[in-house]
Amino acid sequence: MAEQIKITLKKSGIGRKEYFTRVLKGLGLTKLHKTVSLKDTPEIRGMIRKVSHMVEVED
């Protein structure tokens, strides 16, 4: 079974390129300080890498 990873949105997607807001929405992050738990897969890790400056990750 894959481990869970917790992701918290720390910076808003407002004023950024649409690409970043779409990645955040794909991760399920819609509001500041919202935390979601997702499976730790290579796809999710890639999405986190794209918005790493906006999120905080707990393994």
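Residues numbered from 1 in each chain as written. Predicted model: local features only at pLDDT ≥ 70, side-chain atom pairs only at ≥ 80, totals over all residues. Heavy atoms only, no water.

Enquirer: Before we go on, may I ask you to explain the overall build of the protein in this structure?
Expert: Secondary structure assignment for the protein yields 2 helices and 3 strands. Expected size for 59 residues packed as a compact globule is a radius of gyration near 10 Å; at 11 Å, the protein falls within 12% of this value. Evaluated residue by residue, the protein yields a buried proportion of 25% over its 59 residues. For the protein, contacts bridging at least 24 residues in sequence account for 73% of all contacts bridging at least 6. When the accessible area of the protein is evaluated, it comes to approximately 4,300 Å², of which 53% is carbon and sulfur surface. (Helix = DSSP H or I, 4+ residues; strand = E, 2+ residues; numbered from the N terminus. Rg over C-alpha atoms; globule rule 2.2 N^0.38 Å. Buried < 20%, exposed > 50% of the residue type's maximum accessible area, 1.4 Å probe, protein only. Contact = heavy atoms within 4.5 Å. Areas by Shrake-Rupley, 256 points an atom, 1.4 Å probe, with all protein chains shown as cover.)

Enquirer: Got a minute to help me understand the packing of aromatic side chains in this structure?
Expert: Per the stated rule, a full pass over the model turns up 1 aromatic pair. Judged by centre distance (5.8 Å) and plane angle (75°), the ring pair of Tyr19 and Phe20 falls under edge-to-face. (Phe/Tyr/Trp six-rings, centres within 6.5 Å; stacked < 30°, edge-to-face > 60°.)

Enquirer: Honestly, the environment of Lys31 in this entry has me stumped. Any pointers?
Expert: Tracing the backbone through its elements, the reader meets Lys31 in the loop between helix H1 (18-27) and strand S2 (35-39). Assessed through its relative accessible area of 61%, Lys31 is described here as exposed. Sequence separation of Lys31 and Gly13 is 18 residues, and the distance between their C-alpha atoms is 9.3 Å.

Enquirer: Even after reading the chapter, I still don't get the sheet that holds strand S3 (residues 55-58), so can you show me in this structure?
Expert: Strand pairing within a sheet occurs via backbone hydrogen bonds; the two strands may be parallel or antiparallel. Pairing within the open sheet is antiparallel, and its 3 strands lie in the order S2-S1-S3. Looking at the sheet topology across the chains shown, the edges are occupied by S2 and S3. With direction set aside, neighbouring strand axes in the sheet form an average angle of 25°. Where strand S1 (residues 4-9) lies against S3, 4 bridges are found, and the strand directions are antiparallel. By the bridge assignment, Lys6 is partnered in S3 with Glu58. Across the face of the sheet, helix H2 (residues 42-50) comes into contact with S1, S2 and S3 while running at roughly 20° to S1. (Pairing = 2+ DSSP bridges. Axes fitted to C-alpha atoms, helices over the stretch in contact; angles between N-to-C directions.)

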